Every structure is written in structure tokens, then in C-alpha cells.
Amino acid sequence: MDRDIALWKEEISIIRVEILFYKRMLTSSVFKILNFNPQKKEDLIKDLTNVKEINESYYRQLTDFLNKLDMIKECDDVQCETFYLNNHTKFRKEIESHFSAYRYYKKNVILFFESHLEDKI
């Protein structure tokens, strides 16, 4: 469990940095001089804001999960431990689904950058 949690924290942190980078790219002077659909850019910025909110929600859920997981130390039977392990498994499915959806989204953002910068560089 500790390994999963460490990886989840790292992934959430990386997503935070990437979202900030993408937003800065979209609002940079480079993209101001390029000729492309401004609505598409605004949609991407809006999507990035939504993705950021979802990621922050998972950060808060992970923090809550960690606080609840501390209670496993007080378990004195298998049924109690099973309860926490089942919660861990459920949370793993949810957060890994978020990471998978983010990777798909990130691929589309990178392809957007690539298609608009390809001829300009």
C-alpha cells in the first residue's frame, strides 16, 4: 500500500506541474503570434482548468484516504484489515482511472501543440 500511495502522490504532483506548463504555453507570446482557431485555444484552457480541479479533488481524496488508512494500525482482526484493503483496492481503481484519462488528455494537448508549432519551427 505504501508504494501505491507514494506513486499516487508523485503522479498528482507531476500532473499539477504539467497543467501549469500547458496553461503557460497556451498563454505565451508564441501562441499569440500563431494563426490558429482562438476558440480551440480557449477550450483547451477551460479543459485544463477542469482537469486541474479534478486532479485537486483526487489530491484531497488521497489525503482523506491516508488519514483513514492510519486507522488500520488499530485493527486487531482480519475483518478490520480486509475493510481497509478493500477501500484501498477501490480507491486504486478510481485514481488510476483518473491517471489514465489524464494521459489520454495530455496526449491530445501535446498533439495540439505539435500541429500548431510543426510548421513554425
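Everything here concerns the structure above.
Our subject in this report is the structure included herewith. (Residues numbered from 1 in each chain as written. Predicted model: local features only at pLDDT ≥ 70, side-chain atom pairs only at ≥ 80, totals over all residues. Heavy atoms only, no water.)

## Some words on the pattern of salt bridges
The full count for this structure, using the stated rule, is 4 salt bridges. R92 is the salt-bridge partner of D4, the closest N and O atoms lying 3.0 Å from each other. Residue D4 is found in helix α1 (residues 2-26), and its partner R92 is found in helix α4 (residues 78-117); the two are separated by 88 residues along the sequence. The class for D4 is buried, based on a relative accessible area of 16%. Note that E56 and R16 form a salt bridge whose closest N and O atoms lie 2.7 Å from each other. One end of the pair, E56, is in helix α3 (residues 38-69); the other, R16, is in helix α1, with 40 residues separating them in the sequence. Given the relative accessible area of 19%, E56 is considered buried. (Salt bridge = Lys/Arg side-chain N within 4 Å of Asp/Glu carboxyl O. Helix = DSSP H or I, 4+ residues; strand = E, 2+ residues; numbered from the N terminus. Buried < 20%, exposed > 50% of the residue type's maximum accessible area, 1.4 Å probe, protein only.)

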